[in-house]
There are 2 protein chains.
Amino acid sequence: MNTKNINTHLTEIRDYFKAAISIDCVIFGFDEDVLKVLLIESDLNEFKGKWSLLGDIVRPDEDLEEAAYRVLQERTGLEDVYMEQVQAFGAIDRHPAGRVISIAFYSLVNIGHVELKKHNNDLHWHAVKDIRHMAFDHKEILATCYQRLQHKVIEQPIGFNLLPKKFSLRELQNLYEAILDVKLDRRNFRKKFFAMDYLIDLNEEEQEVPHRPARLYKFNQEKYSQRQKKSLGF
Amino acid sequence: MNTKNINTHLTEIRDYFKAAISIDCVIFGFDEDVLKVLLIESDLNEFKGKWSLLGDIVRPDEDLEEAAYRVLQERTGLEDVYMEQVQAFGAIDRHPAGRVISIAFYSLVNIGHVELKKHNNDLHWHAVKDIRHMAFDHKEILATCYQRLQHKVIEQPIGFNLLPKKFSLRELQNLYEAILDVKLDRRNFRKKFFAMDYLIDLNEEEQEVPHRPARLYKFNQEKYSQRQKKSLGF
DNA sequence: ACAAAAGTGTTGTCAATACACCCATGG
DNA sequence: CCATGGGTGTATTGACAACACTTTTGT
């Protein structure tokens, strides 16, 4: 039988090619009815003037999700954020400095809660629709993550993560229209969301709007978590 | 401005922690109306008697897909196989020999075309439903890939990759029932597939069955590829 | 009173479901 | 002639799409 002990294996791994592992975060936000992504000006001369996703090398003592949360926390100050791994990007020459394989995550944040710090003055929110060129293969990573988001958002109610705690149905609809890049019928949209039964009516209204104020709702997180458990259970 | 030249970056990457990168292949096959996966007995003493996915370290000169195809080719002799990256698995202690981050792929093969070679006599097909324990975190990888397959198979007609070129509708239905682990109505199933219009009637019949022989079909690959292009186009 | 957006129901269409009988073949 | 699975059509239901008018507020 072809068995090896752990030392053989250790040697094999030590002798084998090792690559650097990084994570890249596609941080989505929603502002002024536009889906945006947080980018930083590339710190590489090769990509001067190009925009780049937020990423870092994964450290020996952290797993991939931890690394991604660390970057997110360092850059936005936020915790408890929705995040999902998308996939790895490993083209041989994707990084000019050597073989770097990157695991892409996307996350959804409430853009109003993000305070861009002084030392982050090269960080900016960009409308996803307007982005043309990016550093590295980040355009491809962004596109893949954006597709994943579009797909996910029609299957599960994760869009709420991009909104303030209290929101109107119009805001919610604008969000979906921005993400999916479609126009939706207002009445059908309302019907659908009320039927899903994840909205809690706060009995509050918008303030200081120059028209009839809309009712405000919040997302029923508990009910959603309950149902998730149940549907996973069987 | 905070720019770095390539050498700073090179140093950073050289000095930083580097992990070994592997790929793991979840190779699905379909035989005797059962969804199966190709596994190998672990070559590590730690996992003696446990089954393991087929994987290998990624080499410096190949990208992730190439590495996955290489493993698949070495183990099954097959080329031109359906394959999809699922995600990376990077828990700190997932490999006893050190930090190894693994990118998982699943692929769909025609099990009849796989000839397990002599030197592969520790390779076996296992019914996905019956698998209890596996080496490393391979149970989790398998579960994730299987979920992805279930999801994908109801969105796109990729199931054909698991069948012989010529197949009956019963075989196709059995395949879907096995993958999704549900019972389907025969008439509705037929209606749906004919409506999709991806089946070419070969005007042939099953041979030597002890009942009325079924008609045989093949998958209209061109039509599918055409439509894919169109729907991506706009 | 006007502008601007909120809120609200009904109808038609299409897709998914449920369901039962006759047919062709081998033994 | 019997056992086995192959092949077929219809009626019902539920989900989604299309669509227009009244209400509330600020200016």
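Starting afresh in each chain, residues are numbered from 1 along the sequence in its written order. Throughout, the order in which chains and ligands are written sets their labels, letters from A for the former and numbers from 1 for the latter. It should be noted that, the model being predicted, local features are given only for residues of pLDDT at least 70 and side-chain atom pairs only at 80 or more, the latter also being counted only at that level, while totals for whole chains, interfaces and linings use all residues. Excluding hydrogens and water, the side-chain values take into account all heavy atoms of the structure.

Looking at an unreviewed UniProt entry, chain A carries the name DNA mismatch repair protein MutT, with the source organism given as Chitinophaga cymbidii.

C-alpha atoms of residues with pLDDT of at least 70 in both copies form the basis for the least-squares superposition of the copies. The two copies are related by a screw operation: chain B maps onto chain A through 180 degrees of rotation and 0.0 Å of translation along the axis, at an RMSD of 0.0 Å. One copy is carried onto the other by what is essentially a two-fold rotation axis. Taking C-alpha positions as reference, the residue of chain B nearest the rotation axis is Gln87(B), located at 2.3 Å. Should any heavy atoms of two residues lie within 4.5 Å, those residues are considered in contact. When the interface residues of chain B are mapped onto chain A, 100% of them again lie at the interface, so the same face is used by both copies.

The next subject is the interface of chain B and chain A. Taken together, the 48 residues of chain B in the interface contact 48 residues of chain A. Note on definitions: salt bridges are taken to be side-chain nitrogens of Lys or Arg within 4 Å of carboxyl oxygens of Asp or Glu. Summed over the shared surface of chain B and chain A, the result is zero salt bridges. Counted as a polar contact is a pair of N or O atoms within 3.5 Å, where, for protein atoms, one must be capable of donating a hydrogen and the other of accepting one, and residues adjacent in sequence contribute only when both atoms are in side chains. Scanning the region where chain B abuts chain A turns up 11 residue pairs in polar contact (both at pLDDT 80 or more). Breaking the side of chain B that touches chain A down by element, the ones donating at least two residues are helix H1 (6-15), strand S1 (20-31), helix H2 (64-76), strand S5 (82-89), strand S6 (100-108) and helix H3 (138-153) of chain B. Strands here mean DSSP runs of E at least two residues long; helices mean DSSP runs of H or I at least four residues long; both are numbered from the N terminus. It is S5(B) that provides the largest number of residues to the side of chain B that touches chain A, a total of five residues.

What follows concerns the packing of aromatic side chains. Residues and elements named next belong to chain A. The pairing test for Phe, Tyr and Trp rings, Trp by its six-membered ring, is centres within 6.5 Å, and the orientation test on the planes gives stacked under 30 degrees, edge-to-face over 60, and tilted for anything in between. Summed over the entire model, instances satisfying the criterion amount to 28 aromatic pairs over all chains. Ring centres 5.8 Å apart and planes at 50 degrees place the aromatic pair Phe219 and Tyr224 in the tilted group. Burial classes follow relative accessibility: with a 1.4 Å probe on protein chains only, a residue under 20% of its type's maximum area counts as buried, one over 50% as exposed, and anything between as partly exposed. Residue classification places Tyr224 among the buried residues on the basis of a relative accessible area of 11%. Aromatic rings pair up to connect Phe160, Phe167, Tyr176, Phe189, Phe193, Tyr198, Phe219 and Tyr224 into one cluster.

As a further point, take the pattern of salt bridges. For the coordinates displayed, the defined rule picks out 28 salt bridges over all chains. Across the pair Lys223(A) and Asp197(A) runs a salt bridge whose closest N-O atoms are separated by 2.7 Å. Of this pair, Lys223(A) sits in helix H6 (residues 221-233) while Asp197(A) sits in the loop between helix H5 (186-196) and strand S8 (199-205), and the two are 26 residues apart along the sequence. Put simply, Asp31(B) and Lys36(B) hold a salt bridge, and the shortest N to O gap is 3.6 Å. What makes Lys36(B) buried here is its relative accessible area of 13%. Through salt bridges with shared partners, one network takes in Asp56(A), Glu62(A), Arg70(A) and Glu74(A).

Let us look at the protein's contact with DNA strand C. Neighbouring DNA strand C are 19 residues, the closest being Arg186(A), Arg215(A), Asn188(B), Val209(B) and Pro213(B). Per the 4 Å cut-off to the protein, sugar and phosphate atoms form 40% of the nearby atoms of DNA strand C. Note that a base nitrogen of DNA strand C is positioned 3.4 Å from one of the side-chain N or O atoms of Arg212(A). Here Asn188(B) contributes a side-chain N or O atom positioned 3.0 Å from a base nitrogen of DNA strand C. Elements represented by at least two residues in the surface near DNA strand C include exactly H5 of chain A together with helix H5 (186-196) of chain B. A total of four residues in the surface near DNA strand C trace back to one element, the largest contributor, which is H5(A). Near is defined per residue: the residue qualifies when any heavy atom it owns lies within 4 Å of the molecule or strand.

Taken together, 19 residues are adjacent to DNA strand D, and Arg212(A), Arg186(B), Lys191(B), His211(B) and Arg215(B) come closest. Backbone sugar and phosphate groups make up 41% of those atoms of DNA strand D lying within 4 Å of the protein. Arg170(B) places a polar side-chain atom, nitrogen or oxygen, 3.1 Å from a phosphate oxygen of DNA strand D. Contact distances for DNA strand D include 3.3 Å between a sugar or linking oxygen and a side-chain N or O atom of Arg190(B). Counting residues per element, the ones that place at least two in the surface near DNA strand D are H5 of chain A together with H5 of chain B. Of the residues assigned to the surface near DNA strand D, the class counts are five nonpolar, three polar and 11 charged. Following the grouping adopted for this structure description, the nonpolar residues are Ala, Val, Leu, Ile, Met, Phe, Trp, Tyr, Cys and Pro, the charged ones are Asp, Glu, Lys and Arg, and the polar ones are all others, Gly among them.

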